[in-house]
2 protein chains.
Amino acid sequence: MGLSKENLKGLILALVSSGFIGASFIIKKQGLRRAAAVSGVRAGVGGYYYLLEPLWWVGMITMIVGEVANFVAYAFAPAVLVTPLGALSIIVSAVLADIILKEKLHNLGILGCIMCIAGSVIIVIHAPKEQPINSVLEIMHMATQPAFLAYVGSVIVLVFILVFHFAPRCGHTNVLVFTGICSLMGSLSVMSVKALGTSLKLTFEGKNQLIYPETWFFMLVVAICVIMQMNYLNKALDTFNTAIVSPIYYVMFTTLTILASVIMFKDWDGQSGGTIVSEICGFIVVLSGTIMLHATKDLERSSSFRGSGPSSPSLSARLYTGNGDMLLKQDEENVSPSESNMCSRRQELY
Amino acid sequence: MGLSKENLKGLILALVSSGFIGASFIIKKQGLRRAAAVSGVRAGVGGYYYLLEPLWWVGMITMIVGEVANFVAYAFAPAVLVTPLGALSIIVSAVLADIILKEKLHNLGILGCIMCIAGSVIIVIHAPKEQPINSVLEIMHMATQPAFLAYVGSVIVLVFILVFHFAPRCGHTNVLVFTGICSLMGSLSVMSVKALGTSLKLTFEGKNQLIYPETWFFMLVVAICVIMQMNYLNKALDTFNTAIVSPIYYVMFTTLTILASVIMFKDWDGQSGGTIVSEICGFIVVLSGTIMLHATKDLERSSSFRGSGPSSPSLSARLYTGNGDMLLKQDEENVSPSESNMCSRRQELY
């Protein structure tokens, strides 16, 4: 209980990150609307005029700033604290959409926001203190402890089974296959991002970690995990509706990340049973709030569809198939009001 | 943190109470269905055959046992712990309705249940310890401290204003008038019930408190408050739809009760800021879960109305006007699936 100075820094960074990422969707959408108004062509139907719209680029930069803040947050606070707070970007974007874009939030959606905030407060209050780390070698030691190696081994085996056995057979009928692969890889992404972030933090503090091959190893792992996670997230989003993929992915990804962090960084060691249970309850509350926000967005959407956003998910998915331009896809999806929040998930690969 | 022995007793009693009260609605409804099947006349349209149905009486007795357990729970644990747990009776009845009566629970309703449970766990973990009380005189001392007298004074003034100024003018157009009166009185009911319960507990333990006029004074206060609360709750339910009254009443009543308890019993003294904030968050989560359960019950009801229950709320409200038979009204209302849970609130006057 009580926030340490490091945790406080991580918390502020995580909140700033959620604010920027949440706002970026709204700014980008405003930019797309303006571009559509000027050109008469919507992004979803093939127009690229938004690339000439400064507001769209402001949104892009806002998003990148948010992502960087998120990355740095992991260097200061435990993943158990930073990861669930990612849900707050959904609130920021839902509230801003209500105020700026006049996309009325469903009453149950407001309740979802309140729950996400209440759950986040509980998580923050009970978050474990970040253990002081002095060298990347310590992180490598944590990463090679038997329990974490067993976790990594299980993840790799499961991913292999999913990729080679289930994906060809039912990857296009069962939403859990692709989503499972990217959630499993996602938990490893976050762990390696945290290792890399901490190494870079130490380097900036004057303790150069770049001399150790371990730092470069973690950089390689980050690259592999993030690319694989992105690849399968895109497959999941191409195959299934974002409204189905996003909540499932968020739940699985956050749960596995917390599990990985608890095993690797022993976040729960020295915490009382009550504190751990409170943390888990806070996490469940945030998850419920997120699911509710998604579910009620759909309610509103189906009851009063707004035609202002360019594309439907299936349309953007079709446009995207076989096209490696990640930014373009995000952009087209973020345009639709119910999509904008969900897509924040895919940004939060780590 | 950590449950004291007294708190544990209070917690178990509160859980048992919620179980019994929640189950009683389902049993009574089963009884009503059987009675309707045998007689061909439904309670909602004036039949009283259910009084011959043993199952209905089993339900009645179950409810009374639940109410008694709830009353006793207040003698052991702080109101801050017992009152919010009342929401669990809603879950019990929703889950039993799903299993026994095959009234399918909406997906968001399941989420509401999960949230009520998560919130309750957080409240239980952070609940303050019950202060040891040795005599009704101590309770009287707490009840006459300036801060609590100021609270009681404000409540009485507010109730007077509501009853004599607002009730005649907008009592039948604004749902907050009647609901406000019974929530304000409800907070005093719980405080006096707790005083009386503790006195009776002490008496059973061998320290006779019936020799003090204070005990009899509290008994009088209980009677006045509960009658007034019931009277205005009935007015609220007669005038407005139960689906509107119940969540508003639950939120106001529980909030005011916690406020009263914190002032009178100083529940939060000696608790850390983090613990108090966690408790409040837990409470907000339970409230959100309750509101959600109510809201989604309506969703389901409007989309697939089940004709098996006798009466609609407006019908039972009309039947009830000018009729003092509280039990009859409850019974008719509880018959409708979406009503059954909400009515548990009115049982929980204290």
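From a predicted model like this one, the values you see are computed outputs, not experimental measurements.

Regarding the relation of the copies chain A and chain B
Relating one copy of the chain to the other requires a rotation about an axis plus a shift along that axis.
Now for step 1: Overlaying chain A on chain B yields an RMSD of 0.0 Å, the required transformation being a rotation through 180 degrees with an accompanying axial translation of 0.0 Å. Considering both components of the superposition, the chain copies are consistent with a two-fold axis. Considering only C-alpha atoms, the part of chain A nearest the rotation axis is A:Val285, at 3.7 Å.

As for the interface of chain A and chain B
Now for step 1: Between chain A and chain B, the residue contacts involve 25 residues of the former and 25 residues of the latter.
Now for step 2: The contact between chain A and chain B buries some 1,700 Å² in all, and 90% of this surface belongs to carbon and sulfur atoms.
Now for step 3: For the chain A face of the interface with chain B, the top three residues by lost area are A:Leu108, A:Leu111 and A:Ile122, together amounting to 22%.
Now for step 4: The interface formed by chain A and chain B contains 0 salt bridges.
Now for step 5: If you look at where chain A meets chain B, you find 1 residue pair in polar contact (both at pLDDT 80 or more).

Points about the packing of helix α1 (residues 5-39) of chain A against helix α2 (residues 54-76) of chain A
Residue and element names in this part refer to chain A.
Now for step 1: Running from N to C, α1 and α2 point in directions that differ by 165 degrees, and their axes come no closer than 7 Å. Accordingly, the angle class assigned to the pair α1 and α2 is roughly antiparallel. Where α1 crosses over α2, the two elements pack in a sense that is left-handed.

Here's the deal with the nonpolar core
Now for step 1: In terms of nonpolar packing, the biggest core is built from 73 residues, with A:Phe148, A:Ile181, A:Met191, A:Val245 and A:Met264 touching the most fellow members.
Now for step 2: With 14 residues, the single largest contributor to this core is helix α8 (residues 175-204) of chain A.
Now for step 3: Sequence-distant contacts of A:Met191, defined by excluding residues within four places in its chain, comprise A:Ala79, A:Phe148, A:Thr257, A:Ala260, A:Ser261, A:Met264 and A:Phe265.
Now for step 4: Formed by 72 residues, the second largest nonpolar core is a distinct cluster that contains B:Met142, B:Ala167, B:Met191 and B:Leu287.

What counts and how
Residues numbered from 1 in each chain as written. Chains lettered and ligands numbered in written order. Predicted model: local features only at pLDDT ≥ 70, side-chain atom pairs only at ≥ 80, totals over all residues. Heavy atoms only, no water. Least-squares fit on C-alpha atoms with pLDDT ≥ 70 in both. Contact = heavy atoms within 4.5 Å. Buried area = accessible area lost by both parts, 1.4 Å probe. Salt bridge = Lys/Arg side-chain N within 4 Å of Asp/Glu carboxyl O. Polar contact = N/O pair within 3.5 Å; in protein donor to acceptor, adjacent residues only side chain to side chain. Axes fitted to C-alpha atoms, helices over the stretch in contact; angles between N-to-C directions. Helix = DSSP H or I, 4+ residues; strand = E, 2+ residues; numbered from the N terminus. Parallel < 35°, antiparallel > 145°, perpendicular 65-115°, else oblique. Left-handed = near helix turned anticlockwise from the far one by under 90°. Core = buried A, V, L, I, M, F, W, Y, C linked by side-chain atoms within 4.5 Å. Buried < 20%, exposed > 50% of the residue type's maximum accessible area, 1.4 Å probe, protein only.

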